[in-house]
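In case you want the letters, here they are:
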Amino acid sequence: SIPHADLVIIGTGMAGVGLARALRREGDTRRLTLISADSGDDYSKPLLSTGFAKKLAPDKLAQRDAETLAEALNATLLSHTTVSAIDPEARWLTLADGSDYAYTQLVLATGAAPRAPFAIPSDCAAHCFSVNDLDDYRRFHAALRHGPARVAIIGAGLVGCEFANDLHAGGHHVSLIAPESAPLPRLLPEPLGHALGETFIEAGMQLALGRSLERIARGASDAVQLTLDNHQRIDADVVLLATGLAPRTALAAKAGLEVSANGIAVDRTLQTSHPAIFALGDAACVAGVNAMYVQPLQASANALAKTLAGTPTPVHFGAWPVIVKTPLLPVVAYPPLATPARWRIEADGTDMTALAEDKDERLIGFALTGGCVRRKVELSRAAPALLG
Ligand code: FAD
């Protein structure tokens, strides 16, 4: 007979595990199965971009292995198991090995996958990495174990900038390459992005901003050579692709659930277009908002646990800023949802405050660097909620 669980959660990232924990905290005793394509080890993803500075071995980032986690949650955990299809009417899943798994209710916590903006030639593949889970991190860490290396990072968003700072602090030679003219383009107005860029340059990193990658090829002596659109060449031992994340929606879309480029569509009770299927975390677009960071997914896990336990609980997202882990120049940002009428910027060196205002001069977002990050609490109180 087909194995069955009252609730199946696909994904053991912070969203899936957070939900399982919240359910057990609520005293919920239903039969629970978690399924993960990766190792299923319990780890905090934000720590992935802090390990080199602290010289932490990958296993130090795992709080506990999958087996211990399953025991603590009183759940079945299937690791290295990919779900390849969902049949919402029959309420079963098909796993990659062709076997089926039946559920009463299903939660999709499938996260987001790195975007691959260009094809990597096969002879360069062993040098190119994206780091989006602990298994990736183990491989990346192994490639850098021989001491200082030349690391080229493609992409200057949160992941690219955090790894740039962390790898630099860990003794590596960092080049940061991105098509935008300043780092953190989606989080910071340009003057603040430039402050971060200048700080990186002063620390000794090489920045190639406003540049895109034209070609990647094998270079001399076990390295790769990147050619930029201005013909500049950069030699690298290791390339880190930090070119953004896209919500994993393919499984949901194939099952006929409503999805968009922003994620699996759910209402404020985290319910998808099918009443027995829910979604949260990086994969989900909650009432039009896809917030790919920890605080919203924790709020979602807590609300969904209550809903599943029988008390429908709509989720609320506060004005929760993103804290960028760039110790060379601390950054806090709460980007406005709509294009602001103007940014009001004050600067004292690299200590900067930027306030986004609408046409009626109301605060709708903010960005802070350096010593100004201490204004985080005050401005969060004044800004509108992300999902009020
Ligand atoms: P994921 O952690 O991606 O988990 C997805 C799970 O789904 C995995 O277990 C995967 O194996 C599984 N899965 C997917 N498809 C299938 C399938 N078909 N079958 C079976 N399993 C499947 N946020 C902050 O708030 N603060 C920070 O400082 C911060 N730093 C970050 C640093 C880095 C380097 C990165 C990459 C992100 C950072 N974030 C930070 C964002 C934050 O980590 C994410 O929002 C969060 O971890 C997403 O969790 P998730 O559970 O939704 O997804």
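Residues numbered from 1 in each chain as written. Predicted model: local features only at pLDDT ≥ 70, side-chain atom pairs only at ≥ 80, totals over all residues.

### Things to note about helix H4 (residues 134–143)
Of all the residues in H4, the buried ones are Leu134, Tyr137, Phe140 and His141. What you see down the axis of H4 is that its buried residues fit within an arc of 115 degrees, all on one side. Residues of H4 that are exposed and point over 90 degrees away from its buried face: Arg139 and Ala142. Packed against the buried residues of H4 are strand S3 (42–43), helix H2 (58–61), strand S4 (62–64) and strand S10 (128–129). (Buried ≥ 20, exposed ≤ 12 C-beta atoms within 10 Å, placed from the backbone. Helix = DSSP H or I, 4+ residues; strand = E, 2+ residues; numbered from the N terminus. Arc of directions from axis to C-beta. Contact = placed C-beta atoms within 7 Å.)

### Examining the site of the ligand
With respect to spatial proximity, 34 residues lie near the ligand, and among them Gly11, Gly13, Gly111, Gly281 and Val294 are the closest. Those elements giving two or more residues to the shell around the ligand turn out to be helix H1 (14–25), helix H5 (158–169) and helix H8 (294–308). Partitioned by chemical class, the residues of the shell around the ligand number 17 nonpolar, 11 polar and six charged. A domain-level breakdown of the shell around the ligand finds at least three residues from each of domain 1 (4–113 + 245–308) and domain 2 (116–241). (Near = placed C-beta within 6 Å. Nonpolar A, V, L, I, M, F, W, Y, C, P; charged D, E, K, R; others polar. Domains from an automatic or database assignment.)

### Points about the environment of alanine 53
As for its position among the elements, alanine 53 is in the loop between S3 and H2. Given 16 C-beta atoms within 10 Å, alanine 53 falls into the partly exposed group. Distance from alanine 53 to glycine 219, taken between C-alpha atoms, is 28 Å for residues 166 residues apart in sequence.

### Concerning the confidence of the model for the chain
Per-residue pLDDT for the chain averages 96, and the proportion of residues at 70 or more is 100%. With pTM at 0.97, the complex prediction returns an ipTM value of 0.99. (pLDDT = per-residue confidence, 0-100.)

### Here's the deal with the sheet that holds strand S15 (residues 224–228)
Strand order in the open sheet formed by three strands is S14-S15-S16, and the pairing between neighbours is antiparallel. If you trace the sheet from one side to the other, it starts and ends with strand S14 (213–218) and strand S16 (233–236), each paired once. Neighbour-to-neighbour, the strand axes of the sheet open up by a mean angle of 20 degrees, direction not taken into account. The sheet contact formed by S15 and S16 spans four bridges and is antiparallel. Paired with glutamine 225 across the bridge in S16 is aspartate 235. (Pairing = 2+ DSSP bridges. Axes fitted to C-alpha atoms, helices over the stretch in contact; angles between N-to-C directions.)

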